[in-house]
There are 2 protein chains.
Amino acid sequence: MAAPGTDHIVTAYSEELNTLAQSIAEMGGQVELAIENGTKALLKLDRELADLTIIADQRIDDMQRRIDDMAVSMIARRQPMASDLRAIITAIHVANDLERVGDMAKQLARRSLKLDGLNLQPTFYNGVRNMTALVQRQVKGALDAYANRDSAGAIDVCNRDDEVDAMHTSLFRELLTYMMEDPRNITPCTQLLFCAKSLERIGDHATNIAERAYYLQTGKQLTSEVQELHRVQIKA
Amino acid sequence: MAAPGTDHIVTAYSEELNTLAQSIAEMGGQVELAIENGTKALLKLDRELADLTIIADQRIDDMQRRIDDMAVSMIARRQPMASDLRAIITAIHVANDLERVGDMAKQLARRSLKLDGLNLQPTFYNGVRNMTALVQRQVKGALDAYANRDSAGAIDVCNRDDEVDAMHTSLFRELLTYMMEDPRNITPCTQLLFCAKSLERIGDHATNIAERAYYLQTGKQLTSEVQELHRVQIKA
């Protein structure tokens, strides 16, 4: 490569940072699609879509590996300053959380295959459907907060995690009652219990990403005091 | 700081690398203790030990944050060469997996609190007990492989993960039969299903750590071909 001027180096560097951010955004898009497909496979017992979701997870894993390699190579070649280094390390963590969300989507698809042919009542699904919508909103909110360096948006996501947990608890109880009503419900409802758990964990990963986004923007850990203050300010 | 000679710099640097490795080892020790206590709380329904395990998880989280900060600061101050950089980034990943294992131990402790007072038969526990022993061995094996840069030991851990999964599947089925036998078993056995899942996930994290250990030592990703070859060699 021809010896570049300083401007050129800086530009190439910030281009690399942009590429990294872009890669996270792309991975986020793939993961959102995986949740969409995994939950649709579950709710419609669509075997084809389930298989597709399971296969597509490999691509998400590859994306994580590429982001990891890209980040490490940037650190090795450039000597990033503190704030850039923070951004690069955060990218590694966010990619890690996204990879796990992808895994959860794959789990949902796998469970849909196990549910097929079981004694499954449409009412069993109501809670799962509601929880899915909320969790998708959480992942989108976390990715937006990360992409836009929006610390208020990040706090919103973290505060809404209580809703996810409450929904999970109530769904858990509901499914237990179906199981007690009729032993034939035990196997399908057990599978749905684990689906609910996977959704709750997707919510947890969304919270992790939002916390990282907050830290990236403010340089501070998100505390429960800050979360509470934000709640009060929104209500006021 | 007084300007040091090159030797001094190198020594201080390798001391930092040692400190990082030492911190991972300490965190690993705390996490092993958490599994020990969490599973003991579960098997003996020991509320005190459960509370202790839940509180101790905060310390594990703090350890991860410190390792993260230490790693980032080392990268920022030193300009690590490729192999050292790989070791430092691996430490970040391993600490991340250990933190999640700690979370699983906390989950086991939390579930033991929910089980107290329920209609719990001693036989329900047999599978959980066996799985606990295997999973503890996996975590120890992974940490040893990482500490000793033992790639053969790392492959052993990855190969044994099939045993964990098989044990989990058989335990899952066993618990379902108890639930079908008597509706009063549904609630306790559901809790145990999730305990089994937590144990299986601890096994997965042990595998992740072993894969990282393998990569650190060999510079290559561990493939299923290598795993199979190792299996054949051991049998021969």
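Overview of the structure. Since this is a predicted model, take the numbers as computed values, not measurements. (Residues numbered from 1 in each chain as written. Chains lettered and ligands numbered in written order. Predicted model: local features only at pLDDT ≥ 70, side-chain atom pairs only at ≥ 80, totals over all residues. Heavy atoms only, no water.)

### With respect to the interface of chain B and chain A
Point 1. Taken residue by residue, the interface counts 31 residues in chain B and 31 residues in chain A.
Point 2. Buried area between chain B and chain A, both sides added, is near 2800 Å², and the carbon and sulfur share of it is 65%.
Point 3. Considering only the surface of chain B that becomes buried against chain A, Arg100, Ile186 and Phe194 of chain B emerge as the three largest contributors, covering 18% of it.
Point 4. On the surface where chain B and chain A come into contact, there are four residue pairs in polar contact (both at pLDDT 80 or more).
Point 5. Put simply, the parts of the chain that give the side of chain B that touches chain A at least two residues each are helix H2 (47-77), helix H3 (82-115), helix H5 (151-181) and helix H6 (186-218) of chain B.
Point 6. Per element, the largest residue contribution to the side of chain B that touches chain A is 11 residues, and it comes from H6 of chain B.
Point 7. Split by residue class, the side of chain B that touches chain A holds 14 nonpolar, nine polar and eight charged. (Contact = heavy atoms within 4.5 Å. Buried area = accessible area lost by both parts, 1.4 Å probe. Polar contact = N/O pair within 3.5 Å; in protein donor to acceptor, adjacent residues only side chain to side chain. Helix = DSSP H or I, 4+ residues; strand = E, 2+ residues; numbered from the N terminus. Nonpolar A, V, L, I, M, F, W, Y, C, P; charged D, E, K, R; others polar.)

### Description of the side chain of His93 of chain A
Point 1. Looking at the element boundaries, His93 of chain A is found in helix H3 (residues 82-115).
Point 2. A distance of 3.0 Å separates a polar atom in the side chain of His93 of chain A from a polar atom in the side chain of Asp68 of chain B.
Point 3. Excluding anything up to four places from it in sequence, His93 of chain A contacts Arg212 of chain A together with Asp68, Ile92 and Asn96 of chain B.

### Quick look at the packing of aromatic side chains
Point 1. Overall, the coordinates contain five aromatic pairs over all chains when judged by the stated rule.
Point 2. Note on Phe194 of chain A and Phe172 of chain B: the rings are 5.8 Å apart at their centroids and 45° apart in plane angle, and the pair reads as tilted. Of this pair, Phe194 of chain A sits in helix H6 (residues 186-218) while Phe172 of chain B sits in helix H5, which puts the two residues in different chains.
Point 3. Given a relative accessible area of 12%, Phe172 of chain B falls into the buried group.
Point 4. Aromatic rings pair up to connect Phe172 and Phe194 of chain A together with Phe172 and Phe194 of chain B into one cluster.
Point 5. A cation sits over an aromatic face here: Arg86 of chain A above Tyr215 of chain A, 5.5 Å from the ring centre. (Phe/Tyr/Trp six-rings, centres within 6.5 Å; stacked < 30°, edge-to-face > 60°. Buried < 20%, exposed > 50% of the residue type's maximum accessible area, 1.4 Å probe, protein only. Lys NZ or Arg CZ within 6 Å of the ring centre and 35° of its normal.)

Fair warning: the whole summary comes from geometry, so function is off the table for now.
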